[in-house]
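# Residue-level structure breakdown
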Amino acid sequence: MAESVKYLLSEERIPKAWYNLAADLPKPPPPVLHPGTGKPVGPGDLAPLFPMAVILQEVSQERYIDIPEPVRDIYKMWRPSPLIRARRLEKALDTPARIYFKYEGVSPPGSHKPNTAVAQAFYNKAEGVKRLTTETGAGQWGSSLAFAAQLFGLEVEVFMVKVSYEQKPYRRALMETYGAKCIPSPSNQTNSGRAILAANPNSTGSLGIAISEAVEIAAQREDTKYSLGSVLNHVLLHQTVIGQEAMLQMADAGHSPDIVIGCAGGGSNFSGLAFPFLGEKIKGKLNARVIAVEPASCPSLTRGRYAYDFGDTGHLTPLVKMHTLGSTFVPSPIHAGGLRYHGMAPLVSHAKELGLIEACAYAQNECFAAGVQFARAEGIVPAPESTHAIKCAVDEALRCKREGKAQTILFNLSGHGHFDMQAYADYFAGKLRDETYDQKALDTALAGLPKVAAE
Ligand SMILES: *Cc1c(COP(=O)(O)O)cnc(C)c1O
């Protein structure tokens, strides 16, 4: 009885609206441009790819956007997600800092990604779409969209970055379990894929290439639209259920975060946790540092250029202003596949330019070491992506120890690593290499940035 009452009360704590940071930014982000005309894109330009409800969210300035009841109803399968104080990790580190984490690994596919997948599937279904195409890196996004789409009776075709397709066969099996079709990218099914294979038959693929393939198919077919798992404003918007819940939960716990941390690939789980807190920071109600953590091998925020660039390698997408390594940059095949994207969400990039957030980068071995330390203290085996946030949280906790400060750290544990155990096996076997990026390849990719008059 007591348990079920608690459950009902906790359902009430799932937000009823998403929070849109764009409404509170001191300066609006630069517009998205049409690559042909160099002019800002209108809703009509995006209509072949996305449902109109999603396009309107992409450009919305409304502070709160209602979560449709069918979406919120599905969120109830795993939300609100737990906020956990990592007391055993605090003890292991012997730190005066308080470490909290928001755990998104409780969703059925095991990460934060269904928060947007469910919303996108809902809006596509509502507008009569039959089929979705998408790309996936580590397979988290593909499995999340597969999960969400089958709840609404939509078909899904997933272009999976080839290196991950080979490294992570179970993630592919998970997508197939949910009913999706999975194709290693680059493939010979699209012009973009064939062009890459012609130039380099051994290409390990990249998210940029897989996006081109998925976009190409969606643009060609009337009944098919494209779905993106990160980067875009509407994706970040849908993820803000994480931070809004965390704010209530932190208030319950009686602490306010001094530091908010998330790992950043395209920027969605970081934004999901951080944006509601950033809104408070902008209004002067919170004085927290907000840190995005990326891999040293794909350092768009810390080493990329803030410039207009394509979202994909085949140059089919509009131009967005973001921190980018260049759309032709192919990061080394590290195990945190979800962090291997050449660009960063425009809203995250803009927040960085405005000085609202910080960024740092870590190599993969030190992240796995932190992930193992976390697993041994807290029991949860983190996704390789999430270990980047853990590493940063651990470093901040150790700094607190040196400085004798009892600060409160909050990080997003974006997913569990149950499908990534090969990565852990490789780490224990000493097989992981700390490759940084290739400076020459980066210079070449940056030299190829599109020339945009508006800059
Ligand atoms: C996809 C993924 C990421 C990276 O994507 P973001 O859009 O930056 O959040 C991080 N963690 C997990 C577990 C993921 O699946």
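Preceding this section is the structure that the text describes.
Residues numbered from 1 in each chain as written. Predicted model: local features only at pLDDT ≥ 70, side-chain atom pairs only at ≥ 80, totals over all residues. Heavy atoms only, no water.

Right, let's talk about the site of the ligand for a bit. By nearness alone, 18 residues border the ligand, and Lys113, Ser230, Gly265, Ser268 and Ser414 come closest of all. Between the ligand and Lys113, the relevant distance is 2.6 Å, taken from an oxygen atom to a side-chain nitrogen or oxygen of the residue. Gly267 places a polar main-chain atom, nitrogen or oxygen, 2.8 Å from an oxygen atom of the ligand. Protein chains shield 98% of the accessible area of the ligand, which is 380 Å² for the free molecule. Each residue belonging to the shell around the ligand can be placed in one class, and the counts come to 4 nonpolar, 12 polar and 2 charged. (Near = heavy atom within 4 Å. Polar contact = N/O pair within 3.5 Å; in protein donor to acceptor, adjacent residues only side chain to side chain. Areas by Shrake-Rupley, 256 points an atom, 1.4 Å probe, with all protein chains shown as cover. Nonpolar A, V, L, I, M, F, W, Y, C, P; charged D, E, K, R; others polar.)

Right, let's get into helix H6 (residues 114-126). One turn of an α-helix holds 3.6 residues; hence residues three or four places apart share an orientation. Given a rise of 1.5 Å per residue, 13 residues ought to cover 18 Å, and the 18 Å separating the end C-alpha atoms of H6 matches this to within 8%. Listed in full, the buried residues belonging to H6 are Pro114, Asn115, Thr116, Ala117, Val118, Ala119, Gln120, Ala121, Phe122, Tyr123 and Asn124. Looking one or two residues past H6, Gly128 carries a phi angle of roughly 85°, positive in sign. (Helix = DSSP H or I, 4+ residues; strand = E, 2+ residues; numbered from the N terminus. Expected span 1.5 Å × (residues − 1). Buried < 20%, exposed > 50% of the residue type's maximum accessible area, 1.4 Å probe, protein only.)

This structure, assessed with the given rule, holds 26 salt bridges. For the salt bridge of Asp395 with Lys391, the shortest nitrogen-to-oxygen distance reads 3.1 Å. Pair noted here: Asp395 and Lys391 are both in helix H18 (residues 386-403), with a separation of 4 residues, about one helical turn. According to the relative accessible area criterion, Lys391 is buried, its value standing at 14%. Linking Glu396 and Arg399 is a salt bridge whose minimum nitrogen-to-oxygen distance equals 2.8 Å. With Glu396 and Arg399 both in helix H18 and 3 residues apart, the pair spans about one turn of that helix. One exposure class covers both Glu396 and Arg399, and it is buried. (Salt bridge = Lys/Arg side-chain N within 4 Å of Asp/Glu carboxyl O.)

By themselves these figures say nothing about function.
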